[in-house]
Amino acid sequence: MPRYLLAALLLAALPCLAQETGFSREEIRTMHDFGVRMALEGERSPYVIPADLDPGRLVQAETVSFHGLDLQRLPPWLGRFTRLRHLDLSGTQVKAGQLAPLRGMSVLEHLDLTGVPLFAAGGGAADMDPLWGALRNLRILKLGGTKGTAGAYGTLGQLTNLTHLDLSGNGLSDLAPLGLASLQSLRTLNLSGSALGRLDPGLLPPNLSELDLGNSRLTAFTWRDGLDFPQLAQLKLGGNPGLTIDPGWGDVFLMQRLVALEVDSTVAVPKGWREKLIRPQLDAFKQAQPGRMAAIKAGCFAMGEKGQTHQVCVDAFKIGRHEVTFADYDLFCDATGRAKPADAGWGRDQRPAINIDWQDATAYADWVSQVTGGRYRLPTEAEWEYAARAGTGTDYWWGDAIGQNRANCDGCGSRWDNKQTAPVGSFPANPWGLHDTVGNVWEWTCSAYDATYGGGEKTCARKNDAAARVLRGGSWLSYARRARAPVPFRVRRRLPLPQPRRAARPGLLTFTLYDFFPFSLVPTLQRGNAARALRDRSGRWTRSARTCSHAGAWEPE
């Protein structure tokens, strides 16, 4: 090749080379001094580049971050980063009209404009559509807190490769101008902090897996025939207390992948959604249930206090090894739409469920029967005492002395004494495998109170029978003597008719389940309430009971 031709070719290439390596030493030092962070090709985490970085390496930058810098306008050299894949302008003060240099970043995949006042007064009008048309490779776009109207953002539907879009905190009231329904690849959409009112979900991308509509002033989540989000797994609707969800969404074949839902307690959730959300927990619950029951052989025992016993025989049965936990009871509430009882600030999960009345306990047992296909109920008083004694004739199943740290009561020597409930199974089981039959929480039985032991202790009261029900076992604040197995300490108190969505009342209890179940109910025993029901006659603590009225409108039959 002639030398003059080679020289001509080199001269022609010089503008391209200058553009490719077009950063001066002074510009690089400015980037360093002002803390601009970058990641070059093959690097994962951005850092402040050295002041003496080779300009030839700088063109390899794939990430540039101005996050948190007091940037009022884009620097003139930003447009030379044509290989950028990630640009972070979050927290800066640039305006929408200044974003034109970004149009040359055709391989850009991630653009973060979070908190940037793009459309603030004085920023001038800007047509965003040319920018989106040039950035068709975008996968992630963050526009949260940029405070624009739907029309100001242009047609985001051009960004057909988007998988993540954040429009939170912008008070958007109309989604139609955005063209979101065209975003077939979008998986995550954040519209929290909008002002949507009555939302037509048909304006949303159809293949979402995560959708956040929290605190968006939603009043209605409508449905129409043919509308579905088959990939949606997480839906956030919290912070919209006046929301109405169209019952059409409850169809069992819609949103089949939904596994997480956030919604205010005041909002009615379609039954189909509730069933989808708790399906994995229900499966685990059914599989675990047989192992939670202790098999009790048939037998006879001396029931009652020493000197006042009578012989009682019971058939074989199974009974819960410990009280019903909040974890299981909350699952019941989620499945049935019931309000969850308060936990007194002690925690839930593996602590015994408290603030539960007899109707609640009975409804839970009915629900377990329905879910598992077995036959569950509360135990009779005789069954409870037989299982609690575990073949012993002493005051407690381990002996006549309360000892130390064998139970949770006032004087039992545990760290929970007279303070709060203990997690179930915190103390050794009796010889037949039952935990916490002494103290911790009072336990419901299915028997009506019979002061003379005339046979009622061996049978279950009918649901519509207003007779007093029997509690056994004592609680975390019972004196040790009152928690003895032979002495059935129960709370007597008449209640008004319960309401379907009542607040938790002081003095209510918890329970243990019985395959046939004992329910442990923990009375808070406040002054002038349940505490007054405990009486002392001739130095002996006598049996006491609780009277529960029924509300047939909500009690399951």
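Residues numbered from 1 in each chain as written. Predicted model: local features only at pLDDT ≥ 70, side-chain atom pairs only at ≥ 80, totals over all residues. Heavy atoms only, no water.

For the protein chain, the count of helices and strands is eight helices and 25 strands. Put simply, the protein chain has 557 residues, and 51% of those count as buried. Partitioning the contacts of the protein chain with sequence separation of at least 6, the portion at a separation of at least 24 is 61%. (Helix = DSSP H or I, 4+ residues; strand = E, 2+ residues; numbered from the N terminus. Buried < 20%, exposed > 50% of the residue type's maximum accessible area, 1.4 Å probe, protein only. Contact = heavy atoms within 4.5 Å.)

We now examine the packing of aromatic side chains. The tally for this structure, following the rule as stated, stands at 19 aromatic pairs. An angle of 20° between the planes, with centres 5.9 Å apart, marks the rings of Phe229 and Trp249 as stacked. Placement of the pair is Phe229 in the loop between β11 (218-221) and β12 (234-236) and Trp249 in the loop between β13 (244-245) and β14 (260-262), with a sequence separation of 20 residues. Each member of the pair, Phe229 as well as Trp249, carries the same accessibility label: buried. Between Phe332 and Trp367, the aromatic rings sit 5.5 Å apart at their centres with planes inclined by 55°, giving tilted as the arrangement. One end of the pair, Phe332, is in helix α6 (residues 326-336); the other, Trp367, is in helix α7 (residues 358-372), and 35 residues separate them in sequence. With relative accessibility at 2%, the residue Phe332 sits in the buried group. (Phe/Tyr/Trp six-rings, centres within 6.5 Å; stacked < 30°, edge-to-face > 60°.)

A few words now on the sheet that holds strand β1 (residues 37-39). Taken in spatial order, the 11 strands of this open sheet run β2-β1-β3-β4-β5-β6-β7-β8-β10-β12-β14, and their pairing is mixed. Looking at strand neighbours, the two that pair on one side only are β2 (47-48) and β14, the edges of this open sheet. Pairing of strand β8 (residues 188-190) with strand β10 (residues 210-212), which is carried by three bridges, proceeds in the parallel orientation. Paired with Leu189 across the two strands is Leu211, which belongs to β10. (Pairing = 2+ DSSP bridges.)

Moving on to the sheet that holds β13. Strand order in this open sheet of three strands is β9-β11-β13, and the pairing throughout is parallel. Strands at the two margins of the open sheet, each flanked by one partner only, are β9 (197-199) and β13. Bridge analysis of β11 against β13 gives two bridges, and the strand direction is parallel. Across the sheet, residue Ala220 finds its bridge partner in β13, namely Thr244.

This part covers the state of the cysteines. In this structure the tally under the stated criterion is three disulfides. Each sulfur of the disulfide joining Cys409 and Cys412 lies 1.8 Å from the other. Here Cys409 and Cys412 share a disulfide; its torsion about the S-S bond, 90°, makes the bridge right-handed. Of the two residues, Cys409 and Cys412, neither departs from the other in class, the shared state being buried. (Disulfide = S-S within 2.5 Å.)

Here we come to the packing of helix α5 (residues 271-288) against α7. Viewed as axis vectors pointing N to C, α5 and α7 meet at an angle of 90°, and their least axial separation amounts to 10 Å. Here α5 is positioned roughly perpendicular relative to α7, judged by the angle of their axes. Contacts between α5 and α7 involve Leu282, Phe285 and Lys286 from the former and Tyr364, Trp367, Val368, Val371 and Thr372 from the latter. Its residues placed into classes, the contact of α5 with α7 shows six nonpolar, one polar and one charged. (Axes fitted to C-alpha atoms, helices over the stretch in contact; angles between N-to-C directions. Parallel < 35°, antiparallel > 145°, perpendicular 65-115°, else oblique. Nonpolar A, V, L, I, M, F, W, Y, C, P; charged D, E, K, R; others polar.)

Helix α8 (residues 381-389) sits mainly inside the fold: nine of its nine residues count as buried. If you check which residues of α8 are buried, you get Glu381, Ala382, Glu383, Trp384, Glu385, Tyr386, Ala387, Ala388 and Arg389. Ala390, located one to two residues past α8, shows a positive phi value of around 55°.

Inspection of the secondary structure assignment puts His110 in strand β5 (residues 110-112). His110 sits in the buried class, given a relative accessible area of 15%. Apart from the residues within four sequence positions on either side, His110 is in contact with Arg85, His86, Leu87, Leu138, Ile140 and Lys142.

A separate point is the pattern of salt bridges. Enumeration over the complete set of coordinates arrives at 14 salt bridges. Among the salt bridges present, the one from Arg80 reaches Glu27, with a minimum N-O distance of 2.8 Å. Taken together, the positions of Arg80 in the loop between β3 (63-65) and β4 (86-88) and Glu27 in helix α2 (residues 25-33) put the pair 53 residues apart, joining distant regions of the chain. Given a relative accessible area of 30%, Arg80 falls into the partly exposed group. (Salt bridge = Lys/Arg side-chain N within 4 Å of Asp/Glu carboxyl O.)

Axis separation between α6 and α7 bottoms out at 11 Å; the angle between their running directions is 80°. If you check the angle between α6 and α7, you find them roughly perpendicular. Contacts between α6 and α7 pair Asp328, Tyr329, Leu331, Phe332, Ala335 and Thr336 from the former with Asp360, Ala363, Tyr364 and Trp367 from the latter. Across the contact of α6 with α7, the residue classes break down as seven nonpolar, one polar and two charged.

A few words on the confidence of the model for the protein chain. Of all residues in the protein chain, 81% have pLDDT values of 70 or greater, and the mean over the chain is 80. Confidence over residues 3-21 falls short of pLDDT 50; this stretch has seven contacts with residues more than four positions distant or in other chains. (pLDDT = per-residue confidence, 0-100.)

The next thing to look at is the nonpolar core. If you look at the biggest cluster of nonpolar residues, it comprises 77 residues, and the most contacted ones within it are Phe81, Leu87 and Trp273. Of all the elements in the fold, those that place two or more residues in this core are α2, α4 (129-134), β11 and α5. Filtering out sequence-adjacent residues up to four positions away, Phe81 remains in contact with Phe23, Met31, Met38, Leu58, Ala61, Val64 and Met105. Formed by 31 residues, the second largest nonpolar core is a distinct cluster that contains Met293, Val371, Tyr376 and Trp476. (Core = buried A, V, L, I, M, F, W, Y, C linked by side-chain atoms within 4.5 Å.)

Here we take up the environment of Arg103. Along the polypeptide, Arg103 turns up in the loop between β4 and β5. The exposure class assigned to Arg103 is partly exposed, which follows from its relative accessible area of 41%. C-alpha separation for the pair Arg103 and Thr82, spaced 21 residues apart in sequence, amounts to 9.5 Å.

Moving on to the environment of Ala382. With respect to the secondary-structure elements, Ala382 resides in helix α8. Along the sequence, Ala382 and Phe301 sit 81 residues apart, while their C-alpha atoms lie 9.3 Å from each other. Here Ala382 is in contact with Phe301, Met303, Val312, Val314, Glu457 and Lys458, once residues within four sequence places are set aside.

Located in the positive-phi region is Arg217, a residue other than glycine, with phi close to 55°. Note on placement: Arg217 falls in the loop between β10 and β11. The class for Arg217 is exposed, based on a relative accessible area of 61%. Its identity as a non-glycine residue notwithstanding, Ala344 has a phi of 65°, on the positive side. Topologically, Ala344 is positioned in the loop between α6 and α7.

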